[in-house]
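# Structural features, examined
The chain contents come next:
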Amino acid sequence: MILYAKGHKFFYELENLCRVFFPSERIETCEYIGQNLTAPFVYTQVEDTAEKRELIVKVNINNQVYNDAKVINTVIGKIEDNTERELAVIMFNLFKRITKQEPSWGILTGVRPIKLMRRLIQDVGPNEARRYFKEELMVSDEKSRLCYEIAMRQQSIIELSKDNSFSLYIAIPFCPTRCLYCSFVSQSVEKSTKLIPEYLDYLIKEIEYTSEIVNKLGLKLETVYIGGGTPTTLNAEQLKTLIGKINERFDMKSCQEFTVEAGRPDTITEDKLMVMKDLGVTRISINPQTLNDKVLEIIGRKHTAKQTIDAFKLAHKCGFYNINMDLIAGLPGDEYNSFKNTLEEICKLTPSNITIHTLAMKRSSTLTQQGNKTEKSAAKLAEKMMDFAKEKLYDMEYKPYYLYRQSKMLGNLENIGFAKDGYENLYNVYIMEENHSIISCGASGVTKLKDPNSQYIERYFNFKFPYEYIERFYEIINRKDRVLSFYDKCRKLL
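Since this is a predicted model, take the numbers as computed values, not measurements.

## Describing the packing of helix α3 (residues 113-124) against helix α4 (residues 126-136)
Running from N to C, α3 and α4 point in directions that differ by 135 degrees, and their axes come no closer than 7 Å. Our classification of the angle between α3 and α4 gives oblique. The way α3 lies across α4 gives a crossing that is right-handed. For the pair formed by α3 and α4, the contact residues are P113, L116, M117, L120, I121 and V124 on the first element and P126, E128, A129, R130, Y132 and F133 on the second.

## Section: the packing of aromatic side chains
Taken as a whole and assessed by the stated rule, the structure comprises 22 aromatic pairs. Ring centres of Y202 and F473 lie 4.9 Å apart, and the angle between their planes is 50 degrees; on these two criteria the pair is classed as tilted. Taken together, the positions of Y202 in helix α7 (residues 195-217) and F473 in helix α17 (residues 473-492) put the pair 271 residues apart, joining distant regions of the chain. We classify Y202 as buried; its relative accessible area is 17%. Ring centres 6.1 Å apart and planes at 80 degrees place the aromatic pair Y336 and F388 in the edge-to-face group. With Y336 in helix α12 (residues 336-349) and F388 in helix α14 (residues 376-395), this residue pair connects regions lying 52 residues apart in the sequence. The structure contains a cluster of three or more aromatic residues connected by ring pairs, namely F174, Y199, Y202, Y469, F473 and Y474. Between the NZ or CZ atom of K384 and the centre of the ring of Y336, over which it lies, the distance is 4.3 Å. Over the ring of F463 we find R479, and its NZ or CZ is 4.5 Å from the ring centre.

## A few points about the pairing of strand β10 (residues 257-261)
The element β10 is extensively covered by neighbouring structure, given that five of its five residues are classed as buried. Covered by surrounding structure in β10 are E257, T259 and E261 together with F258 and V260, the residues of both alternating faces. Summarising the sheet, strand β9 (residues 220-228) and β10 pair through four bridges and their orientation is parallel. The residue bridging I226 from the neighbouring strand is V260, located in β10. Relative to strand β11 (residues 283-285), β10 is paired through three bridges, and the arrangement is parallel. Counterpart to V260 in the pairing with β11 is I284. At this point the chain moves from β10, through helix α9 (residues 270-278), to the parallel β11, and the crossover so formed is right-handed.

Cut-off values and rules
- Residues numbered from 1 in each chain as written.
- Predicted model: local features only at pLDDT ≥ 70, side-chain atom pairs only at ≥ 80, totals over all residues.
- Heavy atoms only, no water.
- Axes fitted to C-alpha atoms, helices over the stretch in contact; angles between N-to-C directions.
- Helix = DSSP H or I, 4+ residues; strand = E, 2+ residues; numbered from the N terminus.
- Parallel < 35°, antiparallel > 145°, perpendicular 65-115°, else oblique.
- Left-handed = near helix turned anticlockwise from the far one by under 90°.
- Contact = heavy atoms within 4.5 Å.
- Phe/Tyr/Trp six-rings, centres within 6.5 Å; stacked < 30°, edge-to-face > 60°.
- Buried < 20%, exposed > 50% of the residue type's maximum accessible area, 1.4 Å probe, protein only.
- Lys NZ or Arg CZ within 6 Å of the ring centre and 35° of its normal.
- Pairing = 2+ DSSP bridges.
- Right-handed = clockwise from strand over helix to strand, strands pointing away.

If you want it as structure tokens, here you go:
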């Protein structure tokens, strides 16, 4: 499918909206300069006169053409923002008519709908914010209520963050095996074991340099998150070295939360758990994704459902009571009753957090590269699974506290974190709502610097692969100086 644009540059959002309705189509974008239209296509046009702006959309699917248009008045200062939304609404209504589908997120395609809801609440008040979601963005009543509920629940967490707050993210890009659906840059241990000691040496050097910068700036550490990959692919001694270095180099008195992703149950041992507990880790993740052994085999996991339950009980024995467990709706080979059984068994363990993800068909995942495509039946099944999860978790007194979306998710759905009262993961809220800086160390780490005077965020990226990280390490150290220059510039504007 080709998306043509004439008289505007709104390619990004309109392309994403095409994908919502046609997830298996390859979407190409093209500026229209008079060429013949190649079917199937979506043609979009913005045409201005002295007093008005006309928006035109034509869609050709299966050699049948659908048209719609709208005239909007020119309002200086607001017309550009309104044009993109109005054009998207026309497309949405045409696609809805063509496909007989009505996606519950409307024209919203962004990752952070809660952040948008919060901004609207601040700018125009709660009633107008909810109205705007439903009537202007075409978001369903259920999703609009969910966004509002989460935005309100997050408020007390966001208020904990101050102008000089930051969180520290440490990347361990190694896993026992690569999962079928995974699009992260992580190396299977069987292929890259020899890299781990050298990687850890360089990572500690980056942590040391980063600590010098944040201490010089007087930044206040709010949370630490060691993610991956699977950090517990490191052995107990390596974990001790890494966590010990963080404790040594940063002022941990202000740190409210210290999370380690112990995601793969087959990497969890008592000695690793005790190292983490003794060194101040307050929260871990044990992520089964499913308790169906056949599905685990299909997706490339080398552990069983029993190992997941045993690992959880071992973590309790070692004193961990703030534990998150991830599940994925829509995994290949999974069925509704299997997903239902998984969630019911997980609820019997009463973890403090349960995060429900929707399978995303990422381009770089093995699942997609094998030629798998999004089918309507799979999307409907994922939606049914998510609906059951929400109902079950509300009944078990878990409450949604953060939400984010990804491209190419089955059914255009979402990922939702649920928590028992008082166990909300602060880092998840901070990174998704972007209300303070996240400073990252390690391969594939992304540092996001938040200007305390505005909503401006500056990003810079570490090299993705462990071997790149090692080979070009001193380029990464030079980039770290951007943290100093960023905050120096912000303070001059105060």
